[in-house]
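Observations on the three-dimensional arrangement
Here's the letter readout for the chains.
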Amino acid sequence: MKIAIGCDDAAYNLKMELIHFLNSQGIECDDFGAGAGDTTLYPNVAEKVAVAVAQGQYDRAILTCGTGIGMCITANKIPGIRAAVCHDVFSAERARKSNDAQIICFGERVIGVELAKLLLKTWLACDFAGGGSAPKVAQINEIDSKYHRSI
């Protein structure tokens with residue numbers, strides 16, 4: 001599984017902790033920034049990561065900012081992307097199983113590092129369950145196509 005990760009200056013520490021966690025689990029990821037002290041705005045990072053996922057360069061991605069909300073909103077502007085802010089285990093699981101979310105978003109100012117690791121581990125272990133959720137995700141994709149151009 002190819003993973004992309006990115007952050008803004010408000011979540012640099014969380015991003016680095018998650019990179020170390022992923023590496024300790026034998027999972028490699030590509031870092032899209034921002035770096036320490038970098039004032040790149042989160043929409044720039046979210047766009048780059050989400051476009052890379054939409055183009056199939058990465059299977060999944062992680063975006064972190066102060067709350068996770070701004071990254072999520074921006075990522076979801078990219079056609080074909082389903083990003084979710086997750087701050088509890090049930091949401092992380094359902095983001096994958098029910099919504100087929102390719103991007104998980106965390107807020108460094110909202111959750112601690114250990115919870116973020118647990119949520120990430122949960123999210124990575126889950127696959128889209130299909131079933132009753134399949135028509136809902138298909139409809140999300142139809143709405144996405146209706147209002148967006150393809151990349």
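Looking up the chain in an unreviewed UniProt entry gives the name Ribose 5-phosphate isomerase B, with the organism given as Pasteurella oralis.

Reading across the sheet, the 5 strands line up as 2-1-3-5-4 and stay open at both edges, with parallel pairing between neighbours. One side of each edge strand has no neighbouring strand; the edge strands of this open sheet are strand 2 (29-31) and strand 4 (83-85). Within this sheet the neighbouring strands show an average axis-to-axis angle of 20°, counted without direction. Taken together, the 5 bridges between strand 3 (residues 60-65) and strand 5 (residues 103-107) define a ladder with parallel strand orientation. Pairing of Ala-61 across the sheet is with Ile-103, part of strand 5. Strands strand 1 (3-7), strand 2, strand 3 and strand 5 of the sheet are contacted by helix 1 (residues 12-24), whose axis makes an angle of about 160° with strand 1. Each of strand 1, strand 3 and strand 5 touches helix 5 (residues 113-125); the most contacted strand, strand 5, lies at about 170° to it.

Among the residues making up helix 4 (residues 89-97), those that are buried are Ala-92, Ala-95 and Arg-96. The buried residues of helix 4 all sit within an arc of 90° when viewed along its axis, so they share a single face. As for helix 4, its buried residues are in contact with strand 3, strand 4, strand 5 and helix 5. If you check the start of helix 4, you find a side-chain oxygen 3.2 Å away from the backbone N of Phe-90, and it comes from Asp-88.

Take the side chain of Arg-96 next. Along the chain, Arg-96 falls in helix 4. Looking at Arg-96, the relative accessible area reads 7%, which means it is buried. Those residues in contact with Arg-96 that sit more than four places away from it in its chain are Arg-60, Ala-101, Gln-102, Trp-123, Cys-126, Asp-127 and Phe-128.

Here the focus is the nonpolar core. One finds Leu-18, Leu-22, Ile-62, Ile-104, Phe-106, Leu-120 and Trp-123 to be the most contacted residues of the largest nonpolar core, which totals 22 residues. Here Leu-120 is in contact with Leu-18, Phe-21, Leu-22, Ile-62, Ile-104 and Phe-106, once residues within four sequence places are set aside. Among the nonpolar cores identified, the runner-up in size contains 19 residues, and Ala-52, Val-53, Cys-72 and Ile-103 belong to it.

Let us look at the packing of helix 1 against helix 5. At a closest axis distance of 10 Å, the pairing of helix 1 and helix 5 adopts a crossing angle of 50°. One finds that helix 1 runs oblique with respect to helix 5. For the pair helix 1 and helix 5, the sense of crossing is right-handed. Each of Leu-14, Glu-17, Leu-18, Phe-21 and Leu-22 in helix 1 lies in contact with helix 5, whose residues at this interface are Val-113, Ala-116, Lys-117, Leu-120, Lys-121 and Leu-124.

This part takes up the pairing of strand 1. The element strand 1 is extensively covered by neighbouring structure, given that 5 of its 5 residues are classed as buried. Burial of the side chains of strand 1 extends over both faces: Ile-3, Ile-5 and Cys-7 are buried on one face and Ala-4 and Gly-6 on the other. Pairing of strand 1 with strand 2, which is carried by 3 bridges, proceeds in the parallel orientation. What sits directly across from Ile-3, in strand 2, is Cys-29. Of the crossover connections in this fold, the one passing from strand 1 over helix 1 to the parallel strand 2 is right-handed. Relative to strand 3, strand 1 is paired through 5 bridges, and the arrangement is parallel. The residue of strand 3 that forms the bridge with Gly-6 is Leu-63.

Calculation rules
Residues numbered from 1 in each chain as written. Predicted model: local features only at pLDDT ≥ 70, side-chain atom pairs only at ≥ 80, totals over all residues. Heavy atoms only, no water. Pairing = 2+ DSSP bridges. Helix = DSSP H or I, 4+ residues; strand = E, 2+ residues; numbered from the N terminus. Axes fitted to C-alpha atoms, helices over the stretch in contact; angles between N-to-C directions. Contact = heavy atoms within 4.5 Å. Buried < 20%, exposed > 50% of the residue type's maximum accessible area, 1.4 Å probe, protein only. Arc of directions from axis to C-beta. Polar contact = N/O pair within 3.5 Å; in protein donor to acceptor, adjacent residues only side chain to side chain. Core = buried A, V, L, I, M, F, W, Y, C linked by side-chain atoms within 4.5 Å. Parallel < 35°, antiparallel > 145°, perpendicular 65-115°, else oblique. Left-handed = near helix turned anticlockwise from the far one by under 90°. Right-handed = clockwise from strand over helix to strand, strands pointing away.

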